[in-house]
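Below, each chain spelled out in residue letters.
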Amino acid sequence: MGTWRTHFIGELRSTHVGQQVRLCGWVNTTREHGDLLFVLVRDRTGVAQVRIQQSRDAGGDSRLWATAVELGLEFCVRVTGTVALRPDDARNPDMPTGDIEVTPVEIEILNDCPPLPFPIHRETEISETTALKYRYLQMRRPSLARVIRLRHELVLCLRNLMSGMGFIEIETPLLTRSTPEGARDFLVPSRVYPGRFFALPQSPQQYKELLMIGGVDRYFQFARCLRDEDARADRQAEHTQLDFEMSFVDREDIIEVLEAIYGGAAERFSSKRLQRIPIPRMSYHEAMHRFGSDKPDLRFELELVDLSPVFTGCSSPSLAKAAAAPDEVVRGFAVPGGGGWSRKELDALVDPATGTGGIAWVALKEGALRSSPLKSALDGDRLDALRRATSAGPDDLIIVAGGLRRKTLESLGRVRVAMGRKLRLIDEDVLAFAFIIDFPMFEWNADEGRLEPVHHMFVLPKTEHIPLLDTAPLEVLTTQVDAVCNGYELCSGSLRIYTPALQKKVMGLIGITDEDAQRKFGHLLTALRFGAPPHGGAAPGLDRLLMVLLGTDRMSDVVAFPKTYSGRDLLMDAPAEVDPAQLADLHLRVEPPREGV
RNA sequence: GGGGCCGUAGUGCAGUUUGGUUUAACACGUCGGCCUGUCAAGCCGAAGAUCGCGGGUUCAAAUCCCGUCGGCCCCGCCA
């Protein structure tokens, strides 16, 4: 405990009565009653009451009183005194330390404190700007303090778990090289090599493969991953992954590790119950077609169904085409009770700015068509067929979309989630984990006219699909496995390509020339030649895991010092300009932003 | 790159739709006073706001318009 203090405040109980204690902390609140003053002092473990009396004839101490009345909120103090039992009628059963109070012999003001930008002891809402600027004060509030502590305990638990399973923790460089593909890199200019740059890692992907080639066999690390892309509520420029990799394994072995991680974390750190045990698996194809997402929220239904038969040969040219074309779909679902929604509510469903363009709706009233932009296409018995296909009730709303497969399914998926929220179908006490498997290897990038990897170029295809690389690369499925929960992607993993020939072939398919491959990935291709073992791994995101365990939808709620939506650090005021001499050292010259670029 | 919401004392907010009876309200905090068992203590009083910034419309702007800055959220982006 050291010499500064004898006890943590939150541990004081009636068993300490009579003991001399010395406590350090902050003034949580003060309450003055003429001759009697109550000061609540708080440290990270809790709050306890200190009682000071003024009148000497009642045992008061004028010097002590003079100090005590000076105390303001959040003064940093040390209190030396005796733990006393409170009178029976003055105990506070709502307070862990509510049976006792401290009678001080000395109160030392270690540091005073100006009026606060926001209250600490009362957890009022704070604007994001103020909260982030004074994050160290927000951290004194029990709610954030608890999250930060929980994050530590989760990390500790996972570290022990990984070590127990034979993984060893290895740090990989933060200063590394930029590689093509993937997100935009954060760059660090080299002073020693003019015109050259380090990149901060988007993930330790190549290093961990090199560790396997190095015979490490089982590696893990809590890795910071940095990507210079725009934020989302669940996405910061930097985040942490429990990165791991293992040799001589199948996909099943990776899933086993992930089950241990997620099972352990959910059991120890969440009061929510697992929806299904063991964690169910679903193919990418099934997830996209049933839920319109590769990270489906399985806490509610509203599943997408095939509506092609309903619209085959209908009078709407786009739906008729979508029902027939092999690369298009027509799907939809019924929204219970949505038939009576206003035109405004219905129009809000279809907004290209929110990624729900191309959505159509059919509003029913007492089983009949109330209104729909598809009215003319629902001639004859098509309306009945649509009702049957979606199992729609008489006053439901039916959501319909047809068009290019991926875009249409994703639009439907967004509407599905919006409807799940609007109708409050989501059970907040559930953790609906799933493993998504059998991802395609590539998707077609129409803008650039080339194949690009769905995950990354190191993913090993399923063995039986390797021949398809030559004949039908878009049909190749891989060993990738994603862990999802409550609509969030928590983790991505896979077996990796471990022969130089296959790796070169995949690089060629995505348009990397042999020359480029050698220049940018020569280190890896060379390493693969030296008896690289079959290997694979995954990288569970720590921040997102905490989010679902705690039930928050904002990553900044689980990070000690988060950035703003636009990527600034309001506390340190970063990014910031630097001294011209620093730029000169780095051989850099700053040009003002160009207009309209 | 595109779209939406927000910005009013230290903090959180009302007022903005329909410009003028508003001296910009309320709560917490701050300051002063009262109070011997409070625990979101209570009671009385006071100070504290060029309504994010710039421009415009108008007899008159927190309120309407344009621009800009900042925060939040979505699409794109994020292997």
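Residues numbered from 1 in each chain as written. Chains lettered and ligands numbered in written order. Predicted model: local features only at pLDDT ≥ 70, side-chain atom pairs only at ≥ 80, totals over all residues.

### Concerning the overall build of chain A
Logical step 1: The number of helices and strands found in chain A is 17 helices and 24 strands.
Logical step 2: Viewed in the frame of its principal axes, chain A has a C-alpha envelope of about 100 × 70 × 55 Å.
Logical step 3: If you take every contact in chain A between residues at least 6 apart in sequence, the share linking residues at least 24 apart comes to 67%. (Helix = DSSP H or I, 4+ residues; strand = E, 2+ residues; numbered from the N terminus. Contact = placed C-beta atoms within 7 Å.)

### Things to note about the sheet that holds strand β9 (residues 218-226)
Logical step 1: Overall, mixed pairing links the eight strands, which are arranged β6-β9-β10-β24-β23-β22-β19-β12 in an open sheet. Both outer strands of the open sheet, β6 (168-169) and β12 (281-283), are each paired with one neighbouring strand and no more.
Logical step 2: Taken together, the three bridges between β12 and strand β19 (residues 433-437) define a ladder with parallel strand orientation. Each residue of the ladder has a partner; that of Met282, found in β19, is Ile436.
Logical step 3: The strands that helix α6 (residues 251-269) touches are β10 (238-247), β19, β22 (481-485), β23 (488-495) and β24 (535-538); relative to β22, the one it contacts most, it runs at about 25 degrees. (Pairing = 2+ DSSP bridges. Axes fitted to C-alpha atoms, helices over the stretch in contact; angles between N-to-C directions.)

### Notes on the protein's contact with RNA strand B
Logical step 1: The full set close to RNA strand B counts 59 residues, and Gly34, Ser127, Gly355, His456 and Tyr565 are the nearest of them.
Logical step 2: Contributing elements (two or more residues each) for the surface near RNA strand B: β1 (20-33), β2 (36-43), β3 (46-53), α2 (128-133) and β21 (450-453).
Logical step 3: The biggest single contributor to the surface near RNA strand B is β1, with four residues.
Logical step 4: Looking at the surface near RNA strand B, its residues break down into 18 nonpolar, 21 polar and 20 charged. (Near = placed C-beta within 6 Å. Nonpolar A, V, L, I, M, F, W, Y, C, P; charged D, E, K, R; others polar.)

### Description of the pairing of β23
Logical step 1: The element β23 is largely enclosed, with a buried count of six among its eight residues.
Logical step 2: Where β22 and β23 come together, five bridges link them in antiparallel fashion. Paired with Cys485 across the two strands is Tyr488, which belongs to β23.
Logical step 3: In this antiparallel pair of consecutive strands, β22 and β23, the connection spans two residues, and Asn486 shows a positive phi of 50 degrees.
Logical step 4: Sheet analysis places β23 next to β24, joined by three bridges and oriented antiparallel. In the strand pairing of β24, Leu495 is matched with Gly536. (Buried ≥ 20, exposed ≤ 12 C-beta atoms within 10 Å, placed from the backbone.)

### A word on the domain arrangement of chain A
Logical step 1: Considered domain by domain, chain A is made up of domain 1 (9-111), domain 2 (145-282 + 435-558) and domain 3 (300-425).
Logical step 2: For domain 2 versus domain 3, the distance between C-alpha centres works out to 36 Å. (Domains from an automatic or database assignment.)

### Digging into unusual backbone geometry
Logical step 1: In this structure, Pro278 follows Ile277 across a cis peptide bond, with omega equal to -5 degrees.
Logical step 2: Inspection of the secondary structure puts Pro278 in the loop between β11 (273-274) and β12.
Logical step 3: Omega for the bond connecting Ala574 with Pro575 falls within 30 degrees of zero, at 0 degrees, which places this linkage in the cis form.
Logical step 4: Assignment of secondary structure puts Pro575 in the loop between α16 (542-550) and α17 (580-585).
Logical step 5: Of note, the phi angle at Glu74 is positive, near 70 degrees, even though the residue is not glycine.

### Side note on the sheet that holds strand β14 (residues 328-335)
Logical step 1: Spatially, five strands are ordered β13-β14-β17-β15-β16 in an open sheet, and the strand pairing comes out antiparallel. Edge strands, defined here as strands with exactly one partner in the open sheet, are β13 (305-306) and β16 (368-371).
Logical step 2: Pairing of strand β15 (residues 359-365) with β16 involves three bridges; the strand directions are antiparallel. Bridge assignment links Leu364 to a residue of β16, and that residue is Leu369.
Logical step 3: Against the sheet, helix α12 (residues 405-422) touches β14, β15 and β17 (397-404), its axis set at about 155 degrees to β17.

### Points about the environment of Gly166
Logical step 1: In this structure, Gly166 sits in the loop between α4 (142-164) and β6.
Logical step 2: Looking at Gly166, the number of C-beta atoms within 10 Å reads 10, which means it is exposed.

### Concerning the nonpolar core
Logical step 1: Within the largest apolar cluster, 86 residues are counted, with the highest numbers of intra-cluster contacts made by Phe244, Trp361, Val362, Ile398, Ile399, Ala434 and Ala483.
Logical step 2: The leading source of residues in this core is α6, at seven residues.
Logical step 3: Looking at which domains feed residues into this core, each of domain 2 (145-282 + 435-558) and domain 3 (300-425) gives three or more.
Logical step 4: When neighbours within four sequence positions are excluded, Val362 is seen to be in contact with Leu369, Ser372, Leu374, Leu378, Leu386, Ile398 and Val400.
Logical step 5: Grouped together as the second largest cluster of nonpolar side chains are 20 residues, Val39, Val47, Leu71 and Val102 included. (Core = buried A, V, L, I, M, F, W, Y, C linked by C-beta atoms within 7 Å.)

### Focus: the confidence of the model for chain A
Logical step 1: Averaged over all residues, the pLDDT of chain A equals 93, while 98% of them reach at least 70.
Logical step 2: The ipTM, which scores confidence in the relative placement of chains, is 0.91 for this predicted complex, and the corresponding pTM is 0.94. (pLDDT = per-residue confidence, 0-100.)

### Notes on helix α14 (residues 500-509)
Logical step 1: Residues of α14 that are buried include every one of Gln503, Val506 and Met507, and no others. All buried residues of α14 project into a common sector of 100 degrees when viewed along the axis, lining one side.
Logical step 2: Taken together, the buried residues of α14 touch α15 (514-529).
Logical step 3: The first or second residue beyond α14 is Gly511, which carries a positive phi of 90 degrees. (Arc of directions from axis to C-beta.)

### Comments concerning the pairing of β1
Logical step 1: Two elements, β1 and strand β4 (residues 76-85), share seven bridges in a ladder whose sense is antiparallel. Within the sheet, the bridge partner assigned to Val21 lies in β4 and is Gly81.
Logical step 2: Here β1 pairs with β2 via seven bridges, running antiparallel. Across the sheet, residue His33 finds its bridge partner in β2, namely Leu36.
Logical step 3: Hairpin connection, β1 to β2: the antiparallel pair is bridged by two residues, and Gly34 has positive phi, about 65 degrees.

### Notes on the packing of α14 against α15
Logical step 1: For the pair α14 and α15, the least separation of the axes is 9 Å and the interaxial angle reads 155 degrees. It follows that α14 is roughly antiparallel to α15 by the angle criterion. Along this stretch, α14 crosses α15, giving a crossing that reads as right-handed. Facing α14, whose interface residues are Pro500, Gln503, Lys504 and Met507, α15 presents Ala517, Leu525, Leu528 and Arg529.
Logical step 2: Split by residue class, the contact of α14 with α15 holds five nonpolar, one polar and two charged. (Parallel < 35°, antiparallel > 145°, perpendicular 65-115°, else oblique. Left-handed = near helix turned anticlockwise from the far one by under 90°.)

### Structural notes on α12
What sets the pattern is the α-helix's 3.6 residues per turn: residues three or four places apart point alike.
Logical step 1: Taking 1.5 Å as the rise per residue, α12 with 18 residues should run 26 Å; its terminal C-alpha atoms sit 26 Å apart, in good agreement.
Logical step 2: Where α12 is concerned, the buried positions are Thr408, Leu409, Ser411, Leu412, Gly413, Val415, Arg416 and Met419.
Logical step 3: Contact partners of the buried residues in α12: α7 (284-291), β14, β15 and β17. (Expected span 1.5 Å × (residues − 1).)

### Some points on the environment of Glu123
Logical step 1: Relative to the elements of secondary structure, Glu123 occurs in the loop between β5 (100-111) and α2.
Logical step 2: Glu123 sits in the partly exposed class, given 13 other C-beta atoms within 10 Å.
Logical step 3: Sequence spacing of Glu123 and Ser143 is 20 residues, and the spatial spacing of their C-alpha atoms is 8.2 Å.
Logical step 4: Beyond its immediate stretch of four places on either side in the chain, Glu123 contacts Arg141 and Ser143.

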